[in-house]
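# Architecture and fold: a report
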Amino acid sequence: KNQVEQSPQSLIILEGKNCTLQCNYTVSPFSNLRWYKQDTGRGPVSLTIMTFSENTKSNGRYTATLDADTKQSSLHITASQLSDSASYICVVSASENYIPTFGRGTSLIVHP
Amino acid sequence: EAGVVQSPRYKIIEKKQPVAFWCNPISGHNTLYWYLQNLGQGPELLIRYENEEAVDDSQLPKDRFSAERLKGVDSTLKIQPAELGDSAVYLCASSLDRDYNEQFFGPGTRLTVL
């Protein structure tokens with residue numbers, strides 16, 4: 001069964017600090033991996049997408065990495081801001097049917 | 001251009017009552033998804049439409065849930081009768097097509113069943 005596991009479940013950091021969120025998956029055959037940001041009470045918004053041949057992708061202060069061999073991805077947030085407080089969801093799609101498998105998300109709280 | 005529109009944003013009903021959610025996807029998007037999201041969990045796919053054809057509906061509880069996408073544009077998700085365990089956020093998303101393209105999500109409908 002395709003699965004996506006994220007860690008930590010929740011994280012609290014001070015404004016200005018960096019943090020890294022982890023995603024492990026068993027989805028096969030692999031097509032692509034996305035990181036989404038979901039603010040409270042809103043739908044998820046895509047941050048990055050990576051395919052098999054890509055091992056890093058940046059979007060402003062967000063940098064995602066992908067190790068297709070170990071089936072791991074990380075999302076690094078640099079110089080966190082209060083507006084980064086949200087849930088970050090890892091989503092992996094299989095190439096045979098493109099059905100996305102969602103992780104449970106990491107809840108990030110940035111304190112001033 | 002407007003994003004994915006969902007209504008209502010909030011709905012409170014008593015158990016055993018029917019309820020319907022409406023979704024208007026981004027213009028030109030052929031693929032439409034309905035997801036269920038429980039608190040603290042990631043979205044779970046209920047059904048995916050390719051134009052007006054329903055595909056990937058294995059997670060849709062067909063005894064009480066139904067969906068339609070007439071003319072391949074707007075979509076409606078219905079629950080009849082609702083149960084206490086149906087309380088959740090129902091998200092609608094759309095994409096140009098199913099392959100590789102980004103899904104754009106609506107704000108969701110928060111359902112509370114009393």
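### Some remarks on the sheet that holds strand 6 (residues 56–59) of chain A
All names here are of chain A.
- An order of 1-3-8-7-6 is seen for the 5 strands of this open sheet, with the pairing classed as antiparallel. The open sheet has two edge strands with one neighbour each: strand 1 (4–7) and strand 6. Neighbour-to-neighbour, the strand axes of this sheet turn through a mean angle of 15°, independent of strand direction.
- Summarising the sheet, strand 1 and strand 3 (residues 19–25) pair through 4 bridges and their orientation is antiparallel. Counterpart to Val-4 in the pairing with strand 3 is Tyr-25.

### Notes on the state of the cysteines
- This model, assessed by the stated rule, comprises 2 disulfides over all chains.
- A disulfide bridge connects Cys-23 of chain A with Cys-90 of chain A, and the sulfur atoms are separated by 2.1 Å. The sign of the -70° torsion about the S-S bond sets the Cys-23 of chain A-Cys-90 of chain A disulfide as left-handed. Here Cys-23 of chain A is found in strand 3, whereas its partner Cys-90 of chain A is found in strand 9 (residues 86–94), with 67 residues between them in sequence.
- Here Cys-23 of chain B pairs with Cys-92 of chain B through a disulfide, and the sulfurs are 1.9 Å apart. Residues Cys-23 of chain B and Cys-92 of chain B are joined by a disulfide whose S-S torsion is about -70°; by sign, that bridge is left-handed. Here Cys-23 of chain B is found in strand 3 (residues 19–24), whereas its partner Cys-92 of chain B is found in strand 9 (residues 88–95), with 69 residues between them in sequence.
- For Cys-23 of chain B, a relative accessible area of 0% puts it in the buried group.
- Looking at Cys-19 of chain A, it has no disulfide partner, and the nearest cysteine sulfur is the one in Cys-90 of chain A, 15 Å off.

### Some remarks on the nonpolar core
- Of all hydrophobic cores here, the largest spans 25 residues; its most connected members are Tyr-25, Leu-33, Trp-35, Leu-75, Tyr-88 and Val-92 of chain A.
- Where this core is concerned, the elements lending two or more residues are strand 3, strand 4 (30–38), strand 5 (45–51), strand 7 (62–67), strand 8 (72–77), strand 9 and strand 11 (106–111) of chain A.
- Looking at this core element by element, the count peaks at 5 residues for strand 9 of chain A.
- Ranked by size, the runner-up nonpolar core spans 22 residues in total, among them Ile-47, Leu-77, Ala-82 and Tyr-90 of chain B.

### Structural notes on unusual backbone geometry
- Here Ser-28 of chain A and Pro-29 of chain A are connected by a cis peptide whose omega angle stands at -10°.
- Mapped onto the elements, Pro-29 of chain A comes out in the loop between strand 3 and strand 4.
- Here the bond from Gln-80 of chain B into Pro-81 of chain B is cis, since omega is -5°, no more than 30 degrees from zero.
- Here Pro-81 of chain B shows up in the loop between strand 8 (75–79) and strand 9.
- One non-glycine residue, Lys-71 of chain A, lies in the positive phi region at around 60°.
- Lys-71 of chain A gets classed as partly exposed once you look at its relative accessible area, which sits at 30%.
- Residue Ala-79 of chain A is not a glycine yet carries a positive backbone phi of 50°.
- When you line up the elements, Ala-79 of chain A lands in the loop between strand 8 and strand 9.
- Among the residues examined, Ala-79 of chain A registers a relative accessible area of 34% and is labelled partly exposed.

### A word on the packing of aromatic side chains
- Counting across every chain of the model gives 9 aromatic pairs over all chains.
- Both rings, one in Tyr-35 of chain B and one in Phe-105 of chain B, keep their centres 5.5 Å apart while their planes meet at 35°; by these two values the pair is tilted. Of the two residues, Tyr-35 of chain B is situated in strand 4 (residues 31–37) and Phe-105 of chain B in strand 10 (residues 104–105); the sequence distance between them amounts to 70 residues. By the burial criterion, Tyr-35 of chain B is buried, and Phe-105 of chain B matches it.
- Grouped by ring-pair contacts, the aromatic residues Tyr-36 and Phe-102 of chain A together with Tyr-33, Tyr-35 and Phe-105 of chain B constitute a single cluster.
- For Arg-61 of chain A, the ring lying beneath its charged end belongs to Tyr-62 of chain A, and the centroid distance is 5.7 Å.

What counts as what
Residues numbered from 1 in each chain as written. Chains lettered and ligands numbered in written order. Predicted model: local features only at pLDDT ≥ 70, side-chain atom pairs only at ≥ 80, totals over all residues. Heavy atoms only, no water. Pairing = 2+ DSSP bridges. Helix = DSSP H or I, 4+ residues; strand = E, 2+ residues; numbered from the N terminus. Axes fitted to C-alpha atoms, helices over the stretch in contact; angles between N-to-C directions. Disulfide = S-S within 2.5 Å. Buried < 20%, exposed > 50% of the residue type's maximum accessible area, 1.4 Å probe, protein only. Core = buried A, V, L, I, M, F, W, Y, C linked by side-chain atoms within 4.5 Å. Phe/Tyr/Trp six-rings, centres within 6.5 Å; stacked < 30°, edge-to-face > 60°. Lys NZ or Arg CZ within 6 Å of the ring centre and 35° of its normal.

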